[in-house]
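Residue-level structure breakdown
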Amino acid sequence: MRKPLIAGNWKMNKTEAEAISLVRKLIQGVKSQTSVDVLLCPPFTSLSQLHKLLVSSPILLGAQNISEQKAGAYTGEISAEMAGEFCSHVLLGHSERRAIFHESDELINQKIQSALSVDLIPVLCVGELLEERESGEAANVISRQLQAGLKGIHLPDPEKLVIAYEPIWAIGSGKSASADDTGSLIGGVIRPTLAGIWGDDTSQKIRVLYGGSVNPGNARGFFSQSEIDGALVGGASLSADKFLGIIEQTF
Ligand code: PEP
């Protein structure tokens, strides 16, 4: 019922020339297949060129961040409207933005509102620290991040939001969470929290991804869990072979 989505978060990697070269390989690999949605989130500097390159490909483009402000004197920022010229999606609440740039749940909530106001689909990232998991706090942390991040959000269409569950200790560490634990957490915490906000029907239709050291070797384990609708991939999305290898695991 929910179509798989494989998203690549390139973070602060790839010059424009490198981005074009990677995307050419991905276009070849993905061709015109539509059984899985593929989303690339490159740096802002490559969006315009990649948008032109992807015009007749099913590959989607996303931004890695937006400002919560609409326009004006905010040096260095990019508005939702600007990102929306090239993108269908935007990553929000990534743990690197939360930890390094001190983004609060309240700020993330404002960014989600800004994204939705211009029809950009937020990919809201949530996840717990290792200490929080070890002290049995993971469910509370994730539920709090969802409730605060999504507070007051009107969601007429469940396809206009994606959740990425990314345990922080699994990001870029080579240590992924277990597929079983992740399936249980999504089914036992994330969907019930979404159901508490918008009802069970909407909660069943929202795509929930797993992120954290996904690679072609471990991807199938995650995708075989009925609650996991795809992956948000960091490191492995920088290589065409690895990223295409992950996409293949959804077939
Ligand atoms: C990420 O940054 O969202 C991520 C999941 O990274 P990695 O795949 O490298 O763990």
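This text follows the structure it describes.
Below or above, wherever it landed, is the structure these notes cover. Computed from a predicted structure; not experimentally measured.

Observations regarding the sheet that holds strand β3 (residues 60-63)
Strand order in the closed barrel formed by 8 strands is β1-β2-β3-β4-β5-β6-β7-β8, with parallel pairing between adjacent strands. Here the strands of the sheet are splayed against their neighbours by 25° on average, with no regard to which way each runs. Of the strands in this sheet, β5 (121-126) and β6 (162-165) are in contact with helix α7 (residues 138-149), which crosses β5 at around 155°.

Focus: the pattern of salt bridges
Summed over the entire model, instances satisfying the criterion amount to 15 salt bridges. Residues glutamate 103 and lysine 111 are paired through a salt bridge, measuring 2.8 Å at the closest nitrogen-oxygen approach. For the pair formed by glutamate 103 and lysine 111, the shared burial category is buried. Look at the salt bridges and you will find they share partners, linking Arg2, Arg191, Glu227 and Asp229 into a network.

Points about the side chain of serine 203
Inspection of the secondary structure puts serine 203 in helix α9 (residues 200-205). Relative accessible area serves as the criterion here: at 0%, serine 203 is assigned to the buried category. With near-sequence residues (within four places) excluded, serine 203 lies in contact with Arg191, Leu194 and Ala195.

Quick look at the packing of α7 against helix α8 (residues 179-198)
Interaxial distance between α7 and α8 falls to 10 Å at its minimum, and their mutual angle equals 30°. Here α8 runs roughly parallel to α7, going by the angle between their axes. Two packed elements cross with a definite hand, and for α7 against α8 that hand is right-handed. Mapping the contact onto sequence places Ala139, Ile142, Ser143, Leu146 and Gln147 in α7 and Leu185, Val189, Ile190, Thr193, Leu194 and Ile197 in α8. Across the contact of α7 with α8, the residue classes break down as 8 nonpolar, 3 polar and no charged.

Description of unusual backbone geometry
With a phi close to 55°, lysine 11 is a non-glycine residue in the positive phi region. As for its position among the elements, lysine 11 is in the loop between β1 (5-9) and α1 (16-30). The class of lysine 11 is partly exposed, set by a relative accessible area of 22%. The backbone of lysine 14 sits at a positive phi, close to 85°, despite the residue not being glycine. Mapped onto the secondary structure, lysine 14 falls in the loop between β1 and α1.

A closer look at the site of the ligand
Neighbouring the ligand are 14 residues; Lys11, Glu166, Gly172, Ser213 and Gly234 lie closest to it. One of the side-chain nitrogen or oxygen atoms of glutamate 166 is found 2.7 Å away from an oxygen atom of the ligand. One of the backbone nitrogen or oxygen atoms of glycine 172 is found 2.6 Å away from an oxygen atom of the ligand. In the complex, the protein chains occlude 95% of the 290 Å² of accessible area that the ligand would expose alone. Classifying every residue of the shell around the ligand by side-chain character gives 4 nonpolar, 8 polar and 2 charged.

Rules and cut-offs
Residue numbers restart at each chain and count upward from 1, following the sequence in its written direction. Local features in this predicted model are restricted to residues of pLDDT 70 or higher, and side-chain atom pairs are both shown and tallied only at a pLDDT of 80 or more, whereas totals for entire chains, interfaces and linings draw on every residue. Calculated side-chain values reflect all of the structure's heavy atoms, with hydrogen atoms and water omitted. Criterion used throughout: strands pair if DSSP finds at least two bridges between them. Secondary structure follows DSSP: runs of H or I at least 4 residues long count as helices, runs of E at least 2 residues long count as strands, and numbering of each begins at the N terminus. The convention used is that axes are lines fitted to C-alpha atoms, helices contributing only their stretch in contact, and that angles between N-to-C directions extend from 0 to 180 degrees. Should any heavy atoms of two residues lie within 4.5 Å, those residues are considered in contact. Here, a salt bridge means any side-chain nitrogen of Lys or Arg that lies within 4 Å of a carboxyl oxygen of Asp or Glu. Only protein chains enter the accessibility calculation, which uses a 1.4 Å probe; a residue is then buried when its area is under 20% of its type maximum, exposed when over 50%, and partly exposed in between. Here is the rule for angles: anything less than 35 degrees is roughly parallel, anything more than 145 is roughly antiparallel, 65 through 115 is roughly perpendicular, and the remaining ranges are oblique. Helix crossings fall into two classes, left-handed where the near helix is turned counterclockwise from the far one by less than a right angle and right-handed where it is turned clockwise. The nonpolar class holds Ala, Val, Leu, Ile, Met, Phe, Trp, Tyr, Cys and Pro. Asp, Glu, Lys and Arg form the charged class, and all remaining residues, Gly among them, are polar. Definition of nearness: a residue and a molecule or strand are near each other if at least one heavy atom of the residue lies within 4 Å of the molecule or strand. Any pair of nitrogen or oxygen atoms within 3.5 Å is treated as a polar contact; in protein, a donor-acceptor pairing is required on top of that, and neighbouring residues in sequence qualify only through side-chain atoms on both sides. Computed with a 1.4 Å probe, the accessible areas rest on the Shrake-Rupley method; for each residue, only the protein chains presented here act as cover.

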